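One letter stands for each residue in the lines below.
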Amino acid sequence: MPHIKLTPLAIALIAAAALAVGATAFFLLKKDAKEDDKAVTAKPALTVSTALPVQMTLPVKLSANGNITAWQEAVIGSESNGLRLVQVQANVGDQVKAGQVLAVFSGDSVKADTAQARASLIEAQANAADAADNAARARTLASSGALSEQQINQYNTAEQTGKARVEAAKAVLDAQQLRGKNTQVLAPDNGVISARTATVGSVVPAGTELFRLIRGGRLEWRAEVTSAELGRIKAGTVASVLAASGAELKGRVRMIAPSVDPQTRAALVYVDLPVSAGMASPAKAGMFARGEFELGSTTALTVPQQALVVRDGFNYVFRLNADKRISQLKVQTGRLVGDRIEVTSGLTPDIRVIVSGAGFLNDGDLVRVSEAPADASANPAVAPAAKAQAAIK
C-alpha cells in the first residue's frame, strides 16, 4: 500500500471531528438516561375511581305533547221562548247530578196559557159528548124514516168532529204543560259546570246557551304522535302525563284517531285521565301537557353519569388499561335512569371505565386507582332492575 503522509492541518481536523462525534454520543447517552429516569419516576395525573358497566332492565317510553280537554262537553240551552230568567242555581265549578235544577224561568204566563188550554179541552169534551148523543139518537131513527140519510150523516160527522176537537185540545194542553216543565233547566248528566252565560232577569229565545257541562267530570289528554311511532301504541297502553301545573297523572289510551293530519303527519291518541271530585283535579281542560307512553322494558348497558365526558359535541368514556394509563372511547348514549346513563354502542361489559375525575383527564394519562368503590350500583350484588324502576324520572 502506498504510504500517506498527513500534514499537521489534516491531523488537527481529524482530531476535531473525533472530539465532536464523541461529544454528541455523550450527550445522547445522557439524554436517554434522563428519559429513562423520568419514565421510572413518572407520577400519576390523578387519583380516580373505576367501575364496570352494569346490565339493567330499563323501561321503554315514547314522549309526546298534547292538550288536556274535556272527554265530552254538553251544551245546556233554553227550551222556552221569551221567558224571563228568575233563578240561576249553578255556577262554574259546581258538580251537578243528572236532573238537578240549574236555572228557573218565570212560569206565570205559562200557567195562564195552561189554564186556558185546560178550559178549551173541557169545552171540546162537552161539545163532543153532545154531538155523540145526537148521532146516537139519529141512528136509532134511521129505520123509521123520520130523518133523511143526509141528516143522519151530518150528525155522525158532528160526532167525529167533536172527537177530533177533543184530541186537538188535549195536544194543546200537553204542549202548555211541557212549556211549564221547560221553565226549569235541568242537568242532562252528571258532571262539572265549565261555563255559565245565564243571567238573572234576561229574556232569552229558545236554543240560547246557558251552561256548559263536562260530562262525568272526565278529562282526556290528546297526544300528538307521529305516524312513524303510531304503530307502537295500542289501546290500554299506560301513559304518564305531566300537566303544566306540575301535576303528574296516570292514564290509559282509550283510542287512536283513525286518520293522520296531512299537514303535520301526526295523529291524535286519546288518553283517559283519572276522574277527580269537582274541580279538585290538578289537570284543567285547555292545559298543555307533556307525557310518556310506557311501551315495556329492555336490557341496557349503563355507566354512572360521572363517567361520561362531552367534548366537541361527542360523548366519551375513558378505559383503564393494564399499565394504569387510560384510553379515550367514543360512545353513543340512550336513556337516563337516575344517576346512570345507557350506552348503546362503543362499550362492552368487560371494559373498566374511569368514574370520578374523568372530566380532568386526557387520552394516555397515567392515573392512580382508588381502592374505594366508585358507585354502589356497580356492585353486581345490587338488584339493578329494582333500582332502575325506583329511579325513573
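If you're wondering where the values come from, they're calculated on a predicted model, not measured in any experiment.

(A) Just the side chain of Thr183, in detail. By the element assignment, Thr183 lies in the loop between helix H3 (149–181) and strand S8 (184–186). For Thr183, a relative accessible area of 9% corresponds to the buried category. For Thr183, the residues in contact, after removing those within four places along its chain, are Ser80, Leu83, Ala103, Val104, Phe105, Ser106, Gly107 and Val110.

(B) The arrangement of the pairing of strand S14 (residues 248–256) in detail. As paired elements, strand S13 (residues 238–243) and S14 share five bridges and run antiparallel to each other. Residue pairing across strands places Val238 opposite Arg252, the latter belonging to S14. Taken together, S13 and the strand that follows it, S14, pair antiparallel across an intervening segment of four residues, in which Gly246 is found at a positive phi of about 95°. When S14 meets strand S15 (residues 266–272), the two strands line up antiparallel, connected through four bridges. Bridge assignment links Arg252 to a residue of S15, and that residue is Asp272.

(C) Just the sheet that holds strand S11 (residues 209–215), in detail. What the four strands build is an open sheet, ordered S4-S11-S9-S6; its pairing is antiparallel. Since the sheet does not close on itself, it has two edges, and those belong to strand S4 (73–77) and strand S6 (95–96), each with one partner. Sheet topology note: the strand S9 (residues 191–196)/S11 ladder contains five bridges and is antiparallel. Each residue of the ladder has a partner; that of Gly191, found in S11, is Arg215.

(D) Spatial organisation of the nonpolar core. Of all hydrophobic cores here, the largest spans 24 residues; its most connected members are Ile68, Trp221, Val225, Val269, Leu273 and Phe293. When residues of this core are traced back to their parent elements, those giving at least two are strand S3 (54–70), strand S12 (219–226), S13, S14, S15 and strand S16 (288–304). In terms of nonpolar packing, the next biggest core, distinct from the first, is built from 18 residues, Ala74, Ile193, Ala198 and Leu213 among them.

(E) Local environment of the packing of aromatic side chains. Per the stated rule, a full pass over the model turns up one aromatic pair. Note that Arg218 overlies the ring of Trp71, its terminal NZ or CZ placed 3.8 Å from the centroid. Cation over ring: Lys330 sits above Phe314, and NZ or CZ is 3.7 Å from the ring centre.

(F) Main features of the packing of helix H2 (residues 108–140) against H3. The N-to-C vectors of H2 and H3 enclose an angle of 165°; their axes lie 7 Å apart at closest approach. In this view, H2 runs roughly antiparallel relative to H3, as classed from their interaxial angle. Pair H2 / H3 crosses with left-handed handedness. Taken together, the residues of the contact of H2 with H3 break down into 16 nonpolar, nine polar and eight charged.

(G) Examining the sheet that holds strand S5 (residues 83–88) more closely. Pairing is antiparallel in the open sheet, where four strands are placed in the order S8-S7-S5-S10. Both edges of this open sheet fall to S8 and strand S10 (203–204), since each of them pairs with a single strand only. In this structure, S5 lies alongside strand S7 (residues 101–105), joined through three bridges in antiparallel fashion. Note that in S7 the partner of Val88 across the bridge is Ala103.

Parameters and conventions
- Residues numbered from 1 in each chain as written.
- Predicted model: local features only at pLDDT ≥ 70, side-chain atom pairs only at ≥ 80, totals over all residues.
- Heavy atoms only, no water.
- Helix = DSSP H or I, 4+ residues; strand = E, 2+ residues; numbered from the N terminus.
- Buried < 20%, exposed > 50% of the residue type's maximum accessible area, 1.4 Å probe, protein only.
- Contact = heavy atoms within 4.5 Å.
- Pairing = 2+ DSSP bridges.
- Core = buried A, V, L, I, M, F, W, Y, C linked by side-chain atoms within 4.5 Å.
- Phe/Tyr/Trp six-rings, centres within 6.5 Å; stacked < 30°, edge-to-face > 60°.
- Lys NZ or Arg CZ within 6 Å of the ring centre and 35° of its normal.
- Axes fitted to C-alpha atoms, helices over the stretch in contact; angles between N-to-C directions.
- Parallel < 35°, antiparallel > 145°, perpendicular 65-115°, else oblique.
- Left-handed = near helix turned anticlockwise from the far one by under 90°.
- Nonpolar A, V, L, I, M, F, W, Y, C, P; charged D, E, K, R; others polar.

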